Amino acid sequence: MPLPEKKPVTRRTPSRADLPFKGIGLILLSTVFLGCSDVTAKYLSATMPSIEIAWIRFLVFTLIMVPAMVPGSPVYAMRTERLSFQLLRGAALLGSSLFFISGLRYLPMAEASATGFVSPLFVTALSIVFLGERVGLRRWIATAIGLLGVLVILRPGTSAFHPAAFFPILSALAWASTLIMTRMMSGREAVLTTMTYSAITGLVLLTAMVPFVWVTPSWNDILFGIFIGFASTAGQWIVVLAFRYADASVLAPFQYTQLVWVSILGYLIFGEVPDGWTVVGAIFVVASGLYIAHRERVRRMQLLVLEERSPNA
């Protein structure tokens, strides 16, 4: 008798589950990894160029993603229908990392991190141009409040202002561009594919730049660089997992706990104590980001209601 034909096994995207407490736990864990990565990068920036630190980080990132690059591997993820978007997203992710590390060399941890959290404000503006979204008056007011918080932190025109303060802002802009491109590819490209191309793109670009600034690292520097690569990759991966269990509006408040970790570590390792203006500005930035997340949730719920009422839905 002929043997029954085997049906081809198709890999499915992991289904989304409504487990908010698990998502919150994961997002809190991710802030620990990401905070430790940032603090270690600041420590290395005293002896190594930012490009070289980022190069080690992306080298480790790429090595972790090697199984996804091997044809025939169960996790092979190099097939993409949007190669140009993947490469642009990888370049934007690299810019976010490189600008932030460059700012850490000159700025206190709390100041750099609080300034870097203005990315939701840039996402609001970019979503109008690239996603065709309509932004209401309340979201614009929240955006203005967030920008006011940045001005309070940076205090341009005073002796407290440092030109390097622009680096975290550029980092936030690059990260916002990364998020916009991620949204544009959402549902069409697998997460593993996006991460793999981001790793390759960043490593290729940095490999072209690093010979011009190369400083021979000590074994201690290499070990810390490897730690940054593992910690940042683990943090980003845990964030992806967290969003499978809870909405962004639920997780957003807990992402800001990273400010707590970097402030504590900044004090313990570098003796940095955030001044009052930095704390006040950070409150403005966080409040703005939380309100924008809230409005995103309200807008999404309204769209779902309209779809349910539509006779063609």
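Residues numbered from 1 in each chain as written. Predicted model: local features only at pLDDT ≥ 70, side-chain atom pairs only at ≥ 80, totals over all residues. Heavy atoms only, no water.

Asks: Any chance you could break down the overall build of the chain for me, citing the residues and the numbers?
Replies: A tally of regular secondary structure across the chain gives twelve helices and zero strands. For the chain, the N- to C-terminal ordering of α and β elements is α-α-α-α-α-α-α-α-α-α-α-α. Residue burial in the chain is summarised as follows: out of 313 residues, 44% are buried. Long-range pairs, those at least 24 residues apart, make up 89% of the contacts in the chain between residues at least 6 apart in sequence. Carbon and sulfur atoms provide 69% of the accessible area of the chain, an area that totals close to 17000 Å². (Helix = DSSP H or I, 4+ residues; strand = E, 2+ residues; numbered from the N terminus. Buried < 20%, exposed > 50% of the residue type's maximum accessible area, 1.4 Å probe, protein only. Contact = heavy atoms within 4.5 Å. Areas by Shrake-Rupley, 256 points an atom, 1.4 Å probe, with all protein chains shown as cover.)

Asks: So, the side chain of Ser102: which residues are in play, and what are the values?
Replies: Along the chain, Ser102 falls in helix H3 (residues 83-104). Accessibility expressed as a relative area gives 14% for Ser102, which makes it buried. A polar side-chain atom of Ser102 sits 3.4 Å from a polar atom in the side chain of Ser50. Beyond its immediate chain neighbours, meaning those up to four positions away, Ser102 contacts Ser50 and Phe167. (Polar contact = N/O pair within 3.5 Å; in protein donor to acceptor, adjacent residues only side chain to side chain.)

Asks: Residue-level account of the side chain of Ser97, with values.
Replies: Assignment of secondary structure puts Ser97 in helix H3. Taking relative accessible area as the criterion, Ser97 reaches 7% and is therefore assigned buried. Once you skip the residues sitting within four places of it in the chain, Ser97 turns out to touch Arg57 and Phe58.

Asks: Outline the packing of helix H2 (residues 50-64) against helix H9 (residues 219-242), listing residues and values.
Replies: Here H2 crosses H9 at 55°, and the two axes come no closer than 8 Å. It follows that H2 is oblique to H9 by the angle criterion. Remark: the crossing between H2 and H9 carries right-handed chirality. Contact with H2, carried on its side by Ile53, Ile56, Arg57, Val60, Phe61 and Ile64, involves Gly225, Ile226, Ile228, Gly229, Phe230, Ser232 and Thr233 of H9 and no other residues of that element. Its residues assigned to classes, the contact of H2 with H9 shows eight nonpolar, four polar and one charged. (Axes fitted to C-alpha atoms, helices over the stretch in contact; angles between N-to-C directions. Parallel < 35°, antiparallel > 145°, perpendicular 65-115°, else oblique. Left-handed = near helix turned anticlockwise from the far one by under 90°. Nonpolar A, V, L, I, M, F, W, Y, C, P; charged D, E, K, R; others polar.)

Asks: Describe the confidence of the model for the chain, with residues and values.
Replies: Averaged over every residue, the pLDDT of the chain is 81; residues scoring 70 or more account for 85%. Note on residues 6-13: pLDDT under 50 across the span, and three contacts to partners over four residues away in sequence or across chains. (pLDDT = per-residue confidence, 0-100.)

Asks: Residue-level account of the pattern of salt bridges, with values.
Replies: Enumeration according to the criterion identifies one salt bridge in this entry. As a salt-bridge pair, Glu272 and Lys42 come within 3.5 Å of each other at their nearest N and O atoms. With Glu272 in the loop between helix H11 (258-270) and helix H12 (276-309) and Lys42 in helix H1 (residues 20-44), this residue pair connects regions lying 230 residues apart in the sequence. According to the relative accessible area criterion, Lys42 is buried, its value standing at 10%. (Salt bridge = Lys/Arg side-chain N within 4 Å of Asp/Glu carboxyl O.)

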